[in-house]
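For reference, the chains in residue letters:
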Amino acid sequence: MALILAINAGSSSLKFQLLDMPAEHLVTKGSVERIGLSDSIFTISVNGEKQQEVSSISDHEVAVRILLDKLTELKIVRSLKEIEGIGHRVVHGGETFADSALVTDDVIKKIEDLSDLAPLHNPANLVGIRAFREVLPNVPEVVVFDTAFHQSMGNESYLYSLPYDYYRKFGIRKYGFHGTSHKYVAFRAAELLGRPIEQLRLISCHLGNGASITAVQGGKSVDTSMGFTPLAGLTMGTRSGDIDPALIPYIMDKTGMNATEVVNVLNKKSGLLGLSGFSSDLRDIEKEARRGNKRAKLAIEVFVERIQKYIGSYAAKMSGVDAIIFTAGIGEHSSMVRARVLKGLQFMGIDWDSEQNKINGKEVYLSRPNSLIKVLVIPTNEEVMIARDTVRLSRRHHVLLDEADVNARASND
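This section reports on the structure supplied with the text. Since the structure is predicted, the reported quantities are computational estimates derived from the model, not experimental observations.

So, on to the packing of helix 2 (residues 105-113) against helix 3 (residues 122-135). The contact between helix 2 and helix 3 brings their axes to 10 Å, and the two run at 160 degrees. Relative to helix 3, the element helix 2 lies roughly antiparallel. Crossing of helix 2 over helix 3 shows left-handed handedness. Touching Asp105, Ile108, Ile111 and Glu112 of helix 2 are Asn122, Leu126, Ile129, Arg130 and Arg133, all from helix 3. Here the contact of helix 2 with helix 3 is composed, by residue class, of 4 nonpolar, 1 polar and 4 charged.

Let us look at the pattern of salt bridges. Under the counting rule described, the total for this entry stands at 27 salt bridges. Arginine 388 is the salt-bridge partner of glutamate 24, the closest N and O atoms lying 2.5 Å from each other. Of this pair, glutamate 24 sits in the loop between strand 2 (14-21) and strand 3 (25-33) while arginine 388 sits in helix 14 (residues 382-412), and the two are 364 residues apart along the sequence. Exposure remark for glutamate 24: the relative accessible area of 29% places this residue in the partly exposed category. Relative accessible area serves as the criterion here: at 28%, arginine 388 is assigned to the partly exposed category.

Now for unusual backbone geometry. For the peptide bond that leads from methionine 21 to proline 22, omega is 5 degrees, which places it in the cis range. Here proline 22 is to be found in the loop between strand 2 and strand 3. A positive phi angle is found at glutamate 24, which is not glycine, with a value near 60 degrees. Unusually for a residue other than glycine, asparagine 47 sits at a positive phi of about 50 degrees. With respect to the helices and strands, the residue asparagine 47 is situated in the loop between strand 4 (40-46) and strand 5 (49-55). By relative accessible area, asparagine 47 is classed as exposed at 78%.

The topology assignment puts aspartate 146 in the loop between strand 8 (141-145) and helix 4 (155-158). Take aspartate 146: its relative accessible area is 3%, and that puts it in the buried class. A distance of 2.6 Å separates the side chain of aspartate 146 from the side chain of arginine 89, its partner in a polar contact. Setting aside its immediate chain neighbours within four residues, aspartate 146 contacts Arg89, Val90, Val91, Gly176, Phe177, His178, Gly179 and Thr180.

Across the sheet, 6 strands lie side by side as 11-10-9-12-14-13; this open sheet has mixed pairing. This sheet does not close on itself; its edge strands, each paired only once, are strand 11 (220-224) and strand 13 (364-365). As defined by bridge partners, strand 9 (residues 201-207) adjoins strand 10 (residues 211-217) across 7 bridges and the pair is classed as antiparallel. Note on strand 10: the bridge partner recorded for leucine 207 is alanine 211. Seen against the sheet, helix 6 (residues 179-193) touches strand 9, strand 10, strand 12 (323-327), strand 13 and strand 14 (374-377) and runs at an angle of roughly 130 degrees to strand 9. Running over the sheet, helix 13 (residues 335-343) touches strand 9, strand 12 and strand 14 and is turned about 155 degrees from strand 12.

Another point: helix 6. Taking 1.5 Å of rise per residue, 15 residues should cover 21 Å, and helix 6 covers 21 Å from first to last C-alpha, within 8% of that figure. For helix 6, the full list of buried residues reads Gly179, Thr180, Ser181, His182, Tyr184, Val185, Ala186, Ala189, Ala190 and Leu193. Following helix 6 by one or two positions, glycine 194 adopts a phi angle in the positive range, close to 70 degrees.

In this section: the sheet that holds strand 2. The mixed open sheet is built from 8 strands, whose spatial order is 5-4-3-2-1-6-8-7. Looking along the sheet, the strands with just one partner apiece sit at the ends: strand 5 and strand 7 (101-102). Note that strand 4 and strand 5 share 7 bridges and pair antiparallel. Bridge pairing links isoleucine 44 to glutamine 51 in strand 5. In the packing of helix 3 onto the sheet, the strands contacted are strand 1 (2-9), strand 2, strand 6 (83-90) and strand 8, and the crossing angle to strand 6 comes to about 165 degrees.

What follows covers a positive patch on the surface. Taken together, the side chains of Lys294, Lys297, Arg340 and Lys343 make up a positively charged region of the molecular surface. Only helix 11 (294-317) and helix 13 provide two or more residues apiece to the positive patch. Note that lysine 343 resides in helix 13.

Rules used throughout
Residues numbered from 1 in each chain as written. Predicted model: local features only at pLDDT ≥ 70, side-chain atom pairs only at ≥ 80, totals over all residues. Heavy atoms only, no water. Axes fitted to C-alpha atoms, helices over the stretch in contact; angles between N-to-C directions. Helix = DSSP H or I, 4+ residues; strand = E, 2+ residues; numbered from the N terminus. Parallel < 35°, antiparallel > 145°, perpendicular 65-115°, else oblique. Left-handed = near helix turned anticlockwise from the far one by under 90°. Contact = heavy atoms within 4.5 Å. Nonpolar A, V, L, I, M, F, W, Y, C, P; charged D, E, K, R; others polar. Salt bridge = Lys/Arg side-chain N within 4 Å of Asp/Glu carboxyl O. Buried < 20%, exposed > 50% of the residue type's maximum accessible area, 1.4 Å probe, protein only. Polar contact = N/O pair within 3.5 Å; in protein donor to acceptor, adjacent residues only side chain to side chain. Pairing = 2+ DSSP bridges. Expected span 1.5 Å × (residues − 1). Patch = residues over 30% accessible without salt bridge, like charges linked within 9 Å, V, L, I, M, F, W, Y side chains within 5 Å. Areas by Shrake-Rupley, 256 points an atom, 1.4 Å probe, with all protein chains shown as cover. Lys, Arg positive; Asp, Glu negative; His and termini not counted. Charge placed at Lys NZ, Arg CZ, Asp CG, Glu CD.

Next comes the structure, spelled out in structure tokens:
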């Protein structure tokens, strides 16, 4: 058994889960918020109950030290030596990383070099990596990239129809995101279906405030809806998803905004929020739609239509589909969205059970046994994926250390 810390660091926050591997048992979880302020909030779960403290936490290194102190103080672990690996979520691995990687000085430099592609995320992720390196220097650290799973896409899927030099010189291409989530639910679907993933064509619908759909063929991502940034693809909570790019100068001309301001609108004031006019949260929009709010109804219709469009195109790309997976906040909890999506796909041979669809937040088959295409709800678990890769690469790290030790002894002899 191995205790693994799964870390998601932001510019002023640090979320964590401690998992017992390979059982994938959650030991504890929590967060540190408002790092750098006088009223920082530390939250940790102890025997299923939340404990919270407010204090001044000046930086991420202090946050890490407080977290580790709490693990021993609350007797969650007897000693920090029980922690055998630390896994970090990193948003962007570009074309450099097609897999997770052990943290080294060279890996850190490469993540820094990719910060142009994720200026808000990669530097924040590095803050957490460096903080743990400082406090637990002898514990192997692993970085798990949101983009890595999509590096299996063919160039016909990831290239834009732009001058090729833009790709070659500037790295302009589709990268895709939510890869850790799509990978987790795809492999879990194969387990539930009782079939080798190499034989399956899957469509994974990660539907949350941020949303993306991925075509998974033979266990590999062959296409995904997000693009160079997470702005592309589906209608989302506040993001527009796909639009005609010529709209940007048109909106600039009509409103007097500059390009940066328009992109800010596309990222933060569009999507469900822009369409409904009052909320980016689908739960609020569903309530208003039931009360007859026309704009709320419209927002749901647009959201569902975009999902159906991507599912249809990915089914065509893979010459069929064996299963469709719903995951993430909306995918796991909105029976209404799932029902609307599936009603438009019955022509594909989907036979689904409306009573099963009322079950939310759990692993469940929505399709009936005779359905040509299976439909599942699978709660995502990115932290488990991070922990799995951390165990895998930490073991490799220990093997290399053992080999180096043997070689050193042999040379001394």
